[in-house]
Every structure is written in structure tokens, then in C-alpha cells.
There are 2 protein chains.
Amino acid sequence: MQKYTLQRYSDQPVLTTTDVKPYGDGFEVLGAFNPAACRFGDEILLLLRVAEAPSPAAGRLHVPIVETINGNSVLTVKSFPEPEGPYDPRVVSLDGQTYLTSLSHLRLARSHDGIHFTIDEKPFMFPARPDEAFGLEDARITRIDDTYWITYTAVSANGPGVGLAKTTDFVHVERVGMVLPPPNKDACLFPERVDGNLVMLHRPMVSDIGKPSVWICESPDGIHWGNHRYVFGAAGSAWDYLKIGAGPEPVRTDEGWLVLYHGASEQHEYALALALLSINDPGQLLDRSTAPLLTPELIWEREGFFPNVVFSNGWVSKGPNEWWVYYGAADSGVGLAILTRH
Amino acid sequence: MQKYTLQRYSDQPVLTTTDVKPYGDGFEVLGAFNPAACRFGDEILLLLRVAEAPSPAAGRLHVPIVETINGNSVLTVKSFPEPEGPYDPRVVSLDGQTYLTSLSHLRLARSHDGIHFTIDEKPFMFPARPDEAFGLEDARITRIDDTYWITYTAVSANGPGVGLAKTTDFVHVERVGMVLPPPNKDACLFPERVDGNLVMLHRPMVSDIGKPSVWICESPDGIHWGNHRYVFGAAGSAWDYLKIGAGPEPVRTDEGWLVLYHGASEQHEYALALALLSINDPGQLLDRSTAPLLTPELIWEREGFFPNVVFSNGWVSKGPNEWWVYYGAADSGVGLAILTRH
């Protein structure tokens, strides 16, 4: 993968938390990050993950969830006494149930130049099903013909799974359902069918045996998925020792399917790298980075809601040898880096 | 579920470890347990999980895996210096990779009375794919028309997933593939299609958020699965606090689909209980046990390869109100209990 370089467009983010208005009444925005990206008409769209939390109250811990009551989804804030002693600011265990302290939804941002974005005030997708009770996170967009398929993490109270939805106009969206059960994340569709099937990369979240790794599966209809196979995982390097997951939709090159992926070190530092998969058999790894192409270095990549993260699930092509890579920084804002094939 | 009782047939197991000959050269049988069960012709078949390990050697830890070399699967024993200090006798982490200390395969046992079994000397299914490198475990058999569908845990080096195979004669077996990715276990098919689809219960192995719970999904073809939905999980009792997973194939009753399931306490003690699901919408829970129907009490249920376990993935009907429940005891042998509806 030596012919590829990934360099920041600027030392400033293209989007920060303060650019985003909270949607929830009495909520604050903790981060606007990890966007999917695509071209639509003459615009570049980002589909941001916006994480919001109820405004803090002294001595209380407020936990947002979406409850399904009589078939309707209702945003609810549960209030608990603040746990004694230190606790994870993102995930807390209360009364025997694990909760997230924030609730993420997916919101569109629009740009003509790919650099200056206008952010919608309302969500494009807000949690609306029992399996989305803890939020929607980290979308990927894949265009196949005139349909934009959106994969995302649907966080249920029983773990995060892979949700799939589709749109043709970015106004109406149709949910296909939970296509991969918990615990799974980081799913992206290929932009072409292979042997007549839709193809998807995903990342099972294993615990007892093995480490998180990139898998592939296929589907005749987008609803039902099978033939799950391991593609690649930790290769013994420190920077991708703990986790590996695919980023945005793979793109076809004359050398193979180009995959942008993230690795996480044992210290939970996230970095970006590349892999190439066989065009005709995308379960076959042809090549991959031996070192990360981008690591968290700038202050807004190193400090935020979750520190030391560069994570990408959105890119757009700028010609045969250039891609604009939008990346989440420290689970707070969005940066832009240019991927070039030399 | 008050009208159901589950009582041991005898205070002795129907099968023990010593009844089984090891298949691997230089291997010992650690357990023959957790059988699937079905009627076939005029026999009752058990499809046992047989766990074998290389014979111990002083100061060394021998780890069995099945490697795929040039497309052929080869049983390999890796030898490591014995870890210093205490270690889990079942799962060890060596050189950054987690291994199982035993390798399980699936072997048939045959009986005319359901009590006295003759055990095959060779496996019915032996690990033979990269995603089976660490073994095959805990099968379920579901007959639909003249096909016997076999779900099982395929343990890959990257976590345990759900494998599916089918047979019509219990001689030849065709693998469908890994139908649910890691980490997942305890999958069983319903014996009838619902709305034209095959239906399956499964148990995602979540870690960060939620607890293991029973989910449902559906498939038009047996290969591709989707529409994953949560069905039931921990209800606040101590005996099923840690884990809940479905057992053998659900059976149709006039009250609903009868499901035998296991719960595990925080102390990893496994017990058996019942649930009823809606006939027309098996994702809907109608009823479930408030207390376990069988808990580990006898010495061979409390002591073994993994202590304090009664776990069932096999039963056969003995009329409209009686089922013979075969259950694994302490990951070592097999017991028989009679389930009666009064």
C-alpha cells in the first residue's frame, strides 16, 4: 500500500461540536463526529453521528433512552443518583442494566465545496425502534444505482447490532431492519453486487475467543445475510492490536477493492489504514498497510468526548487517484484528510 | 408454566465420558455431553458433543486445533510451556492468541429404548473448515419434512458462530456454512416455516451492553438470515442472571411454541426452564418459568469438566404431554429427565 498517502487538508476541523444545535429539549451536544459521506446532486452530504445528553444536574446522573410505548417511540430521561466514586463517562451500570450516558442520532450536513458545511437542525434518522433504544451511531452510505443504502450501529439495550436503511432522496428513509445481531458494528456495503449478491463487511465484537476482526457476508435481497467469513484481523502490530474495523464503503480500483479501516491499540488509540481486497472474491485480502496512514496528533484529535481517535466512515472520490476522507476526531468533531494514490 | 414438571428418569447418567472412545490419536475424552436428539427410523439418535484433548505431558500445555493447509483440514497439536500460576483449564491465552485446551466434534449415539445407547467410534461431523478450527459444539436437530437441519456452534479462532448443516440419512451431511457470525451460540430452528420462512432462535454473546438473551431471526433459504429481534432475557432472577439461551428445537403445542432453555447464575451454575412463544408470531413471549425446573444436584451434575451444569439441547416427544429431555451434566456426561404436562 506504499503508493497511498493520507494527509490532513488543514490543521483545523471542518465541523466541531459547537456548530451543532441540540435536537433534544434540555439536551446538550457532546459530539458531532464519525460521518458517512456521499455525493448527492451537486452537494457533498455528511451523515453525522450527533451524540446528545441531558444537561447535567448536581448529584444526579441522567440517562437518555428511547422507549417504545404502545408502539410509539418516546425519548425518556431516566434519573439516577450519581454513582459514588469514578465511573466511565460514556457507559454506566445502574440497577443491573448497562446504559449509555448519551444518545446518538444521525443528522445531515450539506456542502458545495466539501469544506464548508451547513448542518440540518433536525435529525435525518432518530432512534425509533426497540432495537434502537440506546441510539444510532456511525453510519456508512453506499450508492447502488439510484438507491443509497445506509448501514449503521443500532444500539439496543441488549447490545449494538447492524441496522440497514435506504433512501433515494435523503428526505424519506426506509428501515430494512436489524440485519446483523449484536454485538456487531462497523458494517459497510460494497457499491456493486458480486455474483448477484449484495456484499457487506462487518466487525463482530468478540470477547472470550479472538479479537475484533473484519468479516464479510452476502445477501440476495439486503434483508437476509449469510456465508459469513473472516477477512482480516490483528496482524501483530501495536497500533491495531485491540480492534480492527472497516470504514466507509469499499471503492473499486484497478488493483482491487480499496478499504479504509481503523485499528485500535491496547491503549484505545484509533488510527487509519488501508487494505485491498480481490475484486472477484472480496473475502480475499490482497494487501494491507504495515503502518497507519493517520494517527491522532492534533489537539482536537487527542482531546474530546473519547480521546485519541481518528476514525473514518465517510469518503468521496475526487478523481481516479484522490479521495476526500472525512474522519471523526476524538468522538467530538470532524476532520478532512486527502487520500492520494501516487 | 405451572402445569409442566421435569423429573430425572434415574439418579444415574445414561452416558458418561468413559463410554466414549477417543477419535484423535493420542487424545483423551474429557466429556461426551450436550447432545442433540431426534427420532430416526425406529431409533432415537443423540448427536453428542465429544470433547477431546491431547494426553497431558509434564510441564507442557498441548492445544489441539484444526488447521486448513492447502485446502485440507489437518488436526494439529500445538505445544507450549505450561503457563506459570493458575489458569483456566478450558481456555488459555498464549502468544497473544486465545486457545481452547480441548477440541470438540459431533458424534452419534443410537438407541432403541432411549435409555441404552451405542456410541459410534467415529465422528459424524469433525471440524473441517477454517471457521471450525477450535471445534464443533452443542448441536440441535430440527426435522422439517425429510430433512434434518443441524445447528451447532462453529468455534473459529475469531470467536464462536452458528453453523448450519443438513442431512437426510445421518450418513452424508452437507454444510450450509456459518449462518450467524461470532459471537453467537445456542441456535435452534423451528420445525415449521412461519409465513414461508425458516425461523431460528439464537443467543448473541454481548459484552459491553446488555446480557446474553434469546433472539429470533428468519430466512427464506436457510443460508441468509435477517430480521433479528430480541425475544427474552434475564428477568431479574438469580438463576438466570448471567446467561439465557435456547435449548433444543421448539415444539408446537396447543398453547404455543414450547421452548426449553437454560439460565446461568452469576456463579455459572446452569439450570433448565421453559418458555412459550406465540404460534403465529414466535418473536412474542407468552409465558416463561418463574423458577428453574431442573438444577444441578447429583454428584455427576455438580462435578466434571465444567461443574454445576444441567444444559439441554435435545429432546424427543413421547406423546402429546411427555418429552424425554437429554441433558449434558457438568460438561461430562448425559442425563435423562422426563418433561410432563399435567
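Residues numbered from 1 in each chain as written. Chains lettered and ligands numbered in written order. Predicted model: local features only at pLDDT ≥ 70, side-chain atom pairs only at ≥ 80, totals over all residues. Heavy atoms only, no water.

1. Here's the deal with the pairing of strand β25 (residues 333-341) of chain A
Residues and elements named next belong to chain A.
Step number 1: The buried fraction of β25 is high, at eight of nine residues.
Step number 2: With five bridges connecting them, strand β1 (residues 4-8) and β25 associate as antiparallel partners. Paired with Q7 across the strands is I338, a residue of β25.
Step number 3: Pairing between strand β24 (residues 322-329) and β25: eight bridges, direction antiparallel. Along β25, the bridge assignment pairs E322 with T340.
Step number 4: With antiparallel pairing between neighbouring strands as the criterion, β24 and β25 make up a hairpin whose turn holds three residues, including A330 at a positive phi of roughly 55°. (Buried < 20%, exposed > 50% of the residue type's maximum accessible area, 1.4 Å probe, protein only. Helix = DSSP H or I, 4+ residues; strand = E, 2+ residues; numbered from the N terminus. Pairing = 2+ DSSP bridges.)

2. Observations concerning the interface of chain B and chain A
Step number 1: With 39 residues of chain B in contact, the opposing surface of chain A contributes 39 residues.
Step number 2: Buried surface at the junction of chain B and chain A, summed over both partners, amounts to about 3000 Å²; 63% is from carbon and sulfur atoms.
Step number 3: The largest share of the area that chain B buries against chain A comes from N158, I209 and H224 of chain B, three residues that together contribute 22% of it.
Step number 4: For the pair chain B and chain A, the interface holds zero salt bridges. (Contact = heavy atoms within 4.5 Å. Buried area = accessible area lost by both parts, 1.4 Å probe. Salt bridge = Lys/Arg side-chain N within 4 Å of Asp/Glu carboxyl O.)

3. Structural notes on the sheet that holds strand β14 (residues 184-189) of chain A
Residues and elements named next belong to chain A.
Step number 1: Overall, antiparallel pairing links the four strands, which are arranged β14-β15-β16-β17 in an open sheet. The sheet is open, and its two edges are formed by β14 and β17 (226-232), each paired on a single side. Pairwise comparison of adjacent strand axes, ignoring direction, gives a mean angle of 30° for this sheet.
Step number 2: Across five bridges, strand β15 (residues 198-204) lies against strand β16 (residues 214-219) in antiparallel orientation. (Axes fitted to C-alpha atoms, helices over the stretch in contact; angles between N-to-C directions.)

4. Focus: the packing of aromatic side chains
Step number 1: Tallied over the entire structure, the rule returns 36 aromatic pairs over all chains.
Step number 2: Of the aromatic side chains, those joined through ring pairs into one cluster are F40, F124, Y148 and F170 of chain A.
Step number 3: Cation over ring: K211 of chain B sits above Y241 of chain B, and NZ or CZ is 4.3 Å from the ring centre. (Phe/Tyr/Trp six-rings, centres within 6.5 Å; stacked < 30°, edge-to-face > 60°. Lys NZ or Arg CZ within 6 Å of the ring centre and 35° of its normal.)

5. Digging into the sheet that holds strand β1 (residues 4-8) of chain B
Residues and elements named next belong to chain B.
Step number 1: Taken in spatial order, the four strands make up an open sheet running β1-β25-β24-β23, and their pairing is antiparallel. What marks the edges here is a single partner per strand, and that holds for β1 and β23 (310-317). Across the sheet, the mean angle separating the axes of adjacent strands is 30° when strand polarity is ignored.

6. With respect to the pattern of salt bridges
Side chains that differ in sign of charge can pair as their charged atoms come close.
Step number 1: Counted according to the given criterion, the structure contains 42 salt bridges over all chains.
Step number 2: For E297 of chain A, the salt bridge identified is with R8 of chain A, shortest N-O distance 3.8 Å. With E297 of chain A in the loop between β22 (285-288) and α1 (299-302) and R8 of chain A in strand β1, this pair connects stretches of sequence that are 289 residues apart.
Step number 3: The residue E301 of chain B makes a salt bridge to R8 of chain B at a minimum N-O spacing of 2.8 Å. Taken as a pair, E301 of chain B in helix α1 (residues 299-302) and R8 of chain B in strand β1 lie far apart in primary sequence, 293 residues in all.
Step number 4: Take E301 of chain B: its relative accessible area is 0%, and that puts it in the buried class.
Step number 5: Owing to a relative accessible area of 24%, R8 of chain B belongs among the partly exposed residues under this scheme.
Step number 6: One continuous salt-bridge network, built from bridges that share partners, spans K3, D254, E255 and R341 of chain A.

7. A few points about the relation of the copies chain B and chain A
Step number 1: Rotating chain B by 180° and moving it 0.0 Å along the rotation axis overlays it on chain A with an RMSD of 0.0 Å. Considering both components of the superposition, the chain copies are consistent with a two-fold axis. (Least-squares fit on C-alpha atoms with pLDDT ≥ 70 in both.)

8. Quick look at the environment of A51 of chain B
Residue and element names in this part refer to chain B.
Step number 1: With respect to the helices, strands and loops of the structure, A51 is situated in strand β3 (residues 43-54).
Step number 2: Owing to a relative accessible area of 0%, A51 belongs among the buried residues under this scheme.
Step number 3: Along the primary structure A51 and A32 are separated by 19 residues, whereas in three dimensions their C-alpha atoms are 6.5 Å apart.
Step number 4: Discounting chain neighbours no more than four positions away, the residues touching A51 are E28, V29, L30, G31, F33, S102, L103 and S104.

9. Examining the layout of surface pockets
Step number 1: Estimated volume of the largest pocket: approximately 1200 Å³.
Step number 2: If you go around the largest pocket, you meet 48 residues; those closest to its centre are R203, M205, K243 and Y270 of chain A together with D208 of chain B.
Step number 3: Those elements giving two or more residues to the lining of the largest pocket turn out to be β10 (135-144) and β14 of chain A together with β7 (97-100) of chain B.
Step number 4: In terms of residue class, the lining of the largest pocket is built from 20 nonpolar, 15 polar and 13 charged.
Step number 5: There is about 910 Å³ of room inside the second largest pocket. (1 Å grid on protein atoms, 1.4 Å probe; cavity = no way out; pocket = protein on both sides within 12 Å on 5 of 7 lines; lining within 4 Å. Points joined across faces, edges and corners; volume = space filled by probe spheres on them. Nonpolar A, V, L, I, M, F, W, Y, C, P; charged D, E, K, R; others polar.)

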